[in-house]
Amino acid sequence: MICYFYSFIRAQRYTFQPEILSLWLKNDVLPLTLSHIMDKQEVILCEDPAKSLEQAIARCPHDKLFILTDEHTHRLCLPLLADIPALQEAEEIIIAPEDLHKNLDTLSAVWQALSSRGATRHSLLINLGGGMVTDLGGFAAATFKRGIAYINLPTTLLAMVDAAVGGKTGINFNGLKNEIGAFYPAKSVLLETAFLRTLDRRNFFSGYAEMLKHGLISDTAHWAALLNFDTMQPDYALLKLLVGRSVQVKENIVQQDPHEHGIRKALNLGHTIGHAFESLALAEDRPVLHGYAVAWGLVCELYLSCLKTGFPKDKMQQTVRFIKENYGTFFFDCKHYDHLYELMTHDKKNTAGIINFTLLREVGDIALNQTADKDTIFEALDFYRECM
Ligand code: GLY
């Protein structure tokens, strides 16, 4: 295939105008303390995490308090909350870390701990961790005694801007990601961006891919701000604003369509092919972080957007260049194409076996329920291999 799109890469460059941030603030689009009631979920961009947590716990009357951590967040993050009086009596449940353990065995261990330590329908669970903890803890809360209240306190960028917000909970099953789960929003989600100061670079970029997606589905200013952000020497005050904006984009969509019948599918941009990369990597015992798979999926799905819905080539190229520079590449060759295609047929958005894509006409102009035949999907995979 001739990769003619890529030759435009140095064409028009969209730059971020700092004044746009103050415009968001002036228009109250991005209040510094973002407190937004989404369905039953309140999302707070914390100024003082201890106080926010204390208040969130007080807003959820309960008979017994549980706090779920993985081995890492138990060691590194829980001590930061040690002085909170409301947590003194909390029962700790500690699980093994990472997506590998987001399974039925770990879920069963959490149910077991809740049950044997006297949790009732009126108990409250706090999930302190990355997306694995908030997904699995949220699903444990959704199912224990048909549902108990929970609070998410995400500690990774991926969990802050995606997993912990929006009410999707679940576990992996049968080799498929998030195969079993429920829509069950937390009572509160507390975003404490100070946790990001100690996040390793790979986990930083994993979360940043979801922010990039939020930029692409929302507006040019946000997208340009993300592409121009100095990821080598992050300005954490600016990052906090971008996280707030990103969560706001997600919340606005989830509010309109909490159960993903329509517009929530926009949040799946990059994920149809991204999940296939992620599953292939897992099957071949070379797992990749979710956000990396999403970033690589965005490369293919922006190519499809150019081809099928007229997305501007220069914006695709600018985004592809950012991904290439920061995410490296995922190796596969044409022998993997059929396997990748088969994995795409499991996507939750599909109906009647037809692969469903979310594509873009422009930054912020979303084209839902797009299809592409096998040859076109393979062409997108060719494009990826040629330019990455
Ligand atoms: N992660 C996509 C969604 O929450 O819908």
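A. Molecular detail of the site of the ligand. Near the ligand you find Asp162, Lys168, Lys250, Glu260, Arg264 and Leu267, and these make up its full shell. At a separation of 2.9 Å, an oxygen atom of the ligand approaches a polar side-chain atom of lysine 168. Lysine 250 is positioned such that a nitrogen or oxygen atom in its side chain is 2.7 Å from an oxygen atom of the ligand. Its free accessible area being 200 Å², the ligand has 88% of it covered by the protein chains. In terms of residue class, the shell around the ligand is made up of one nonpolar, no polar and five charged.

B. View of unusual backbone geometry. Phi angles above zero are rare outside glycine, and lysine 145 is one such case at about 50°. With respect to the helices and strands, lysine 145 occurs in the loop between α5 (131-143) and β6 (149-154). The class of lysine 145 is partly exposed, set by a relative accessible area of 44%. The backbone phi angle of glutamate 260 is positive, close to 60°, even though this residue is not glycine.

C. Region of the structure containing the confidence of the model for the protein. When pLDDT is averaged along the protein, the result is 90; 90% of the residues meet or exceed 70. In the model, residues 1-13 has pLDDT below 50 throughout and makes 31 contacts with residues more than four positions away in sequence or in other chains. pLDDT under 50 marks residues 25-38. Its contacts with residues more than four places away, or in other chains, come to 36 contacts.

D. Expanded view of the nonpolar core. By size, the foremost hydrophobic cluster in this structure holds 124 residues, and its most contacted members are Leu53, Leu87, Tyr208, Phe277, Trp296 and Tyr327. Among all residues touching phenylalanine 277, those that are not within four sequence positions of it are Ala293, Trp296, Gly297, Cys300, Phe330, Phe332, Leu340, Leu381 and Tyr384.

E. Spotlight on the packing of helix α10 (residues 271-283) against helix α11 (residues 290-309). One way to put it is that α10 packs onto α11 with a least axis distance of 7 Å and a crossing angle of 135°. On the basis of their axis angle, the class for α10 and α11 is oblique. Both α10 and α11 take part in a crossing whose hand is right-handed. Residues His271, Thr272, Ile273, Gly274, His275, Phe277 and Glu278 of α10 pack against His290, Ala293, Val294, Trp296, Gly297, Cys300, Glu301 and Leu304 of α11. Across the contact of α10 with α11, the residue classes break down as seven nonpolar, six polar and two charged.

F. Representation of the packing of aromatic side chains in the model. Taken as a whole and assessed by the stated rule, the structure comprises 18 aromatic pairs. Taking the centre distance of 5.4 Å and the plane angle of 25° together, the rings of phenylalanine 204 and tyrosine 208 count as stacked. Pair noted here: phenylalanine 204 and tyrosine 208 are both in helix α7 (residues 201-218), with a separation of four residues, about one helical turn. The buried category is assigned to phenylalanine 204, whose relative accessible area is 7%. Here phenylalanine 330 and phenylalanine 332 contribute two aromatic rings whose centre-to-centre distance is 6.2 Å and whose plane-to-plane angle is 40°, an arrangement assigned as tilted. As far as the burial class goes, phenylalanine 330 and phenylalanine 332 line up, both buried.

G. Region of interest: helix α2 (residues 49-58). Burial in α2 covers these residues: Ser52, Leu53, Ala56 and Ile57. Projected down its long axis, α2 shows its buried positions confined to an angular sector of 130°, all on one face. Elements that come into contact with the buried residues of α2 comprise β2 (41-45), β3 (65-70), β5 (124-129), β6 and β9 (188-191).

H. Broad picture of the pattern of salt bridges. Going through the model one piece at a time under the given rule, you end up with 19 salt bridges. Glutamate 91 serves as the salt-bridge partner of arginine 117, at 3.1 Å between the closest nitrogen and oxygen. Separated by 26 residues along the polypeptide, arginine 117 in the loop between α4 (104-116) and β5 and glutamate 91 in strand β4 (residues 91-95) bring together distant segments of the chain. According to the relative accessible area criterion, glutamate 91 is partly exposed, its value standing at 23%. We note a salt bridge from lysine 168 to glutamate 260, for which the minimum N-O separation is 2.5 Å. Within this pair, whereas lysine 168 is found in strand β7 (residues 168-173), its partner glutamate 260 is found in the loop between α9 (236-256) and α10, the two being separated by 92 residues in sequence. Under the relative-accessibility criterion, lysine 168 is labelled partly exposed at 37%. Through salt bridges with shared partners, one network takes in Asp99, Lys102, Asp135, Lys177 and Glu278.

I. Seen up close, the environment of lysine 313. In this structure, lysine 313 sits in helix α12 (residues 313-327). Spatially, the C-alpha atoms of lysine 313 and leucine 302 are 8.8 Å apart, while their sequence positions differ by eleven residues.

J. Representation of the environment of methionine 160. Structurally, methionine 160 is set in helix α6 (residues 157-163). By relative accessible area, methionine 160 is classed as buried at 0%. Once the C-alpha coordinates of methionine 160 and leucine 191 are considered, the two residues, 31 residues apart in sequence, prove to be 6.2 Å apart. Apart from the residues within four sequence positions on either side, methionine 160 is in contact with Pro154, Thr155, Val165, Leu191, Glu192, Thr193, Phe195, Leu196 and Val247.

Definitions and limits used
Residues numbered from 1 in each chain as written. Predicted model: local features only at pLDDT ≥ 70, side-chain atom pairs only at ≥ 80, totals over all residues. Heavy atoms only, no water. Near = heavy atom within 4 Å. Polar contact = N/O pair within 3.5 Å; in protein donor to acceptor, adjacent residues only side chain to side chain. Areas by Shrake-Rupley, 256 points an atom, 1.4 Å probe, with all protein chains shown as cover. Nonpolar A, V, L, I, M, F, W, Y, C, P; charged D, E, K, R; others polar. Helix = DSSP H or I, 4+ residues; strand = E, 2+ residues; numbered from the N terminus. Buried < 20%, exposed > 50% of the residue type's maximum accessible area, 1.4 Å probe, protein only. pLDDT = per-residue confidence, 0-100. Contact = heavy atoms within 4.5 Å. Core = buried A, V, L, I, M, F, W, Y, C linked by side-chain atoms within 4.5 Å. Axes fitted to C-alpha atoms, helices over the stretch in contact; angles between N-to-C directions. Parallel < 35°, antiparallel > 145°, perpendicular 65-115°, else oblique. Left-handed = near helix turned anticlockwise from the far one by under 90°. Phe/Tyr/Trp six-rings, centres within 6.5 Å; stacked < 30°, edge-to-face > 60°. Arc of directions from axis to C-beta. Salt bridge = Lys/Arg side-chain N within 4 Å of Asp/Glu carboxyl O.

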